[in-house]
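So the chains spell out like this:
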Amino acid sequence: MQAHLSREQLAHQITEWADSLVETKQILARAQRLLPNRLREVCSRCRKENSGGKALRRALTDPAYLTHIDEICELSSSFVKTRILWETHLMLFDARR
(Lines give C-alpha, C1' and ligand atoms only; values in the text may rest on other atoms or scores of the structure.)
Protein backbone atom coordinates (compact mmCIF):
# COMPACT_ATOMS: atom_id res chain seq x y z
CA MET A 1 0.00 0.00 0.00
CA GLN A 2 1.25 3.45 -0.85
CA ALA A 3 0.50 5.43 2.31
CA HIS A 4 2.95 8.21 1.42
CA LEU A 5 0.89 9.56 -1.50
CA SER A 6 -0.55 13.05 -1.34
CA ARG A 7 -4.32 13.51 -1.42
CA GLU A 8 -4.28 14.39 -5.13
CA GLN A 9 -2.04 11.47 -6.05
CA LEU A 10 -4.20 9.14 -3.99
CA ALA A 11 -7.37 10.38 -5.69
CA HIS A 12 -5.73 9.90 -9.08
CA GLN A 13 -4.63 6.34 -8.22
CA ILE A 14 -8.11 5.49 -6.97
CA THR A 15 -9.60 6.70 -10.25
CA GLU A 16 -7.09 4.68 -12.29
CA TRP A 17 -7.78 1.52 -10.28
CA ALA A 18 -11.52 2.04 -10.65
CA ASP A 19 -11.13 2.31 -14.44
CA SER A 20 -8.92 -0.77 -14.49
CA LEU A 21 -11.43 -2.59 -12.32
CA VAL A 22 -14.30 -1.90 -14.73
CA GLU A 23 -12.22 -2.94 -17.73
CA THR A 24 -10.97 -6.15 -16.13
CA LYS A 25 -14.48 -7.05 -14.98
CA GLN A 26 -15.82 -6.66 -18.53
CA ILE A 27 -13.02 -8.78 -20.02
CA LEU A 28 -13.51 -11.44 -17.34
CA ALA A 29 -17.26 -11.58 -17.92
CA ARG A 30 -16.71 -11.96 -21.66
CA ALA A 31 -14.18 -14.76 -21.16
CA GLN A 32 -16.58 -16.56 -18.81
CA ARG A 33 -19.42 -16.27 -21.34
CA LEU A 34 -17.18 -17.69 -24.08
CA LEU A 35 -15.98 -20.66 -22.03
CA PRO A 36 -18.95 -22.99 -22.81
CA ASN A 37 -18.52 -22.29 -26.53
CA ARG A 38 -14.82 -23.05 -26.29
CA LEU A 39 -15.59 -26.32 -24.51
CA ARG A 40 -18.07 -27.27 -27.22
CA GLU A 41 -15.46 -26.59 -29.91
CA VAL A 42 -12.84 -28.72 -28.18
CA CYS A 43 -15.43 -31.41 -27.46
CA SER A 44 -16.51 -31.56 -31.10
CA ARG A 45 -12.87 -32.10 -32.14
CA CYS A 46 -12.56 -34.89 -29.56
CA ARG A 47 -15.78 -36.55 -30.74
CA LYS A 48 -14.15 -37.35 -34.06
CA GLU A 49 -11.93 -39.84 -32.23
CA ASN A 50 -14.00 -40.86 -29.16
CA SER A 51 -17.55 -41.54 -28.00
CA GLY A 52 -19.68 -38.95 -26.11
CA GLY A 53 -18.55 -39.35 -22.50
CA LYS A 54 -14.96 -40.07 -23.33
CA ALA A 55 -14.88 -37.11 -25.71
CA LEU A 56 -16.09 -34.79 -22.96
CA ARG A 57 -13.48 -36.10 -20.52
CA ARG A 58 -10.77 -35.64 -23.13
CA ALA A 59 -12.04 -32.13 -23.91
CA LEU A 60 -11.90 -31.15 -20.23
CA THR A 61 -8.22 -32.16 -20.09
CA ASP A 62 -7.30 -30.80 -23.53
CA PRO A 63 -4.42 -28.26 -23.44
CA ALA A 64 -6.42 -25.73 -25.49
CA TYR A 65 -9.31 -25.80 -23.02
CA LEU A 66 -6.94 -25.67 -20.03
CA THR A 67 -5.32 -22.59 -21.56
CA HIS A 68 -8.73 -20.90 -21.56
CA ILE A 69 -9.23 -21.88 -17.92
CA ASP A 70 -5.80 -20.45 -17.03
CA GLU A 71 -6.71 -17.22 -18.81
CA ILE A 72 -9.87 -16.89 -16.72
CA CYS A 73 -7.92 -17.63 -13.53
CA GLU A 74 -5.36 -14.94 -14.36
CA LEU A 75 -8.10 -12.42 -15.13
CA SER A 76 -9.89 -13.28 -11.87
CA SER A 77 -6.67 -12.86 -9.93
CA SER A 78 -6.00 -9.51 -11.56
CA PHE A 79 -9.56 -8.38 -10.83
CA VAL A 80 -9.34 -9.33 -7.15
CA LYS A 81 -5.92 -7.73 -6.72
CA THR A 82 -7.08 -4.47 -8.33
CA ARG A 83 -10.26 -4.46 -6.27
CA ILE A 84 -8.29 -4.90 -3.04
CA LEU A 85 -5.95 -2.05 -3.99
CA TRP A 86 -8.87 0.18 -4.93
CA GLU A 87 -10.84 -0.54 -1.74
CA THR A 88 -7.80 -0.19 0.54
CA HIS A 89 -6.73 3.13 -0.93
CA LEU A 90 -10.33 4.35 -0.92
CA MET A 91 -10.46 3.62 2.83
CA LEU A 92 -7.15 5.44 3.26
CA PHE A 93 -8.52 8.43 1.37
CA ASP A 94 -11.65 8.47 3.55
CA ALA A 95 -9.56 8.10 6.72
CA ARG A 96 -7.51 11.16 5.81
CA ARG A 97 -10.61 13.33 5.57
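Higher on the page you've got the structure.
Here is what the cut-offs are and how they apply
- Residues numbered from 1 in each chain as written.
- Predicted model: local features only at pLDDT ≥ 70, side-chain atom pairs only at ≥ 80, totals over all residues.
- Heavy atoms only, no water.
- Helix = DSSP H or I, 4+ residues; strand = E, 2+ residues; numbered from the N terminus.
- Rg over C-alpha atoms; globule rule 2.2 N^0.38 Å.
- Buried < 20%, exposed > 50% of the residue type's maximum accessible area, 1.4 Å probe, protein only.
- Contact = heavy atoms within 4.5 Å.
- Areas by Shrake-Rupley, 256 points an atom, 1.4 Å probe, with all protein chains shown as cover.
- Salt bridge = Lys/Arg side-chain N within 4 Å of Asp/Glu carboxyl O.
- Disulfide = S-S within 2.5 Å.
- Core = buried A, V, L, I, M, F, W, Y, C linked by side-chain atoms within 4.5 Å.

## With respect to the overall build of the chain
Reasoning step 1: Counting its secondary structure elements, the chain contains three helices and zero strands.
Reasoning step 2: Since a compact globule built from 97 residues should have a radius of gyration of about 13 Å, the 20 Å found for the chain marks it as more spread out than a globular shape.
Reasoning step 3: With the principal axes as the frame, the chain shows a C-alpha extent of 65 × 20 × 15 Å.
Reasoning step 4: For the chain, the proportion of its 97 residues judged to be buried stands at 27%.
Reasoning step 5: Counting contacts in the chain only where the partners sit at least 6 residues apart, residues at least 24 apart contribute 71% of the total.
Reasoning step 6: Roughly 6800 Å² of accessible area belongs to the chain as shown, and the carbon and sulfur atoms make up 55% of that amount.

## What to know about the environment of P63
Reasoning step 1: Mapped onto the fold, P63 is located in helix α3 (residues 63–96).
Reasoning step 2: Remark: the alpha-carbon pair of P63 and V42, spanning 21 residues in sequence, is separated by 9.7 Å.

## Considering the pattern of salt bridges
Reasoning step 1: Here the structure, examined in full by the defined rule, presents two salt bridges.
Reasoning step 2: The closest approach of N and O atoms between R38 and E71, which form a salt bridge, is 3.2 Å. In this pair, R38 sits in helix α1 (residues 7–47) while E71 sits in helix α3, placing the two residues 33 residues apart along the sequence.
Reasoning step 3: Relative accessible area serves as the criterion here: at 35%, E71 is assigned to the partly exposed category.
Reasoning step 4: One salt bridge in this structure joins R83 and E87, with 3.0 Å as the shortest N-O distance.

## So, the state of the cysteines
Such a bond, covalent and formed between the sulfur atoms of two cysteines, is termed a disulfide.
Reasoning step 1: Going through the model one piece at a time under the given rule, you end up with zero disulfides.
Reasoning step 2: You can see C43 has no disulfide; the closest cysteine sulfur is in C46, sitting 6.5 Å from it.
Reasoning step 3: Using a relative accessible area of 5% as the deciding quantity, one classes C43 as buried.
Reasoning step 4: Of all cysteine sulfurs, the one in C46 lies closest to C73, which takes part in no disulfide; the gap is 20 Å.

## Some remarks on the nonpolar core
Reasoning step 1: With 14 residues, the main nonpolar core has L28, V42, C46, A59, Y65 and I72 as its most contacted residues.
Reasoning step 2: Taken together, the elements giving at least two residues each to this core come down to α1, α2 (52–60) and α3.
Reasoning step 3: Residue contacts for Y65: discarding those within four places in its chain leaves L35, L39, V42, A59 and L60.
Reasoning step 4: Residues L5, I14, L92 and F93 belong to the second largest nonpolar core, which totals five residues.

## Details of the side chain of T82
Reasoning step 1: Here T82 lies in helix α3.
Reasoning step 2: The residues contacting T82, other than those within four sequence positions of it, are W17, S20 and L21.

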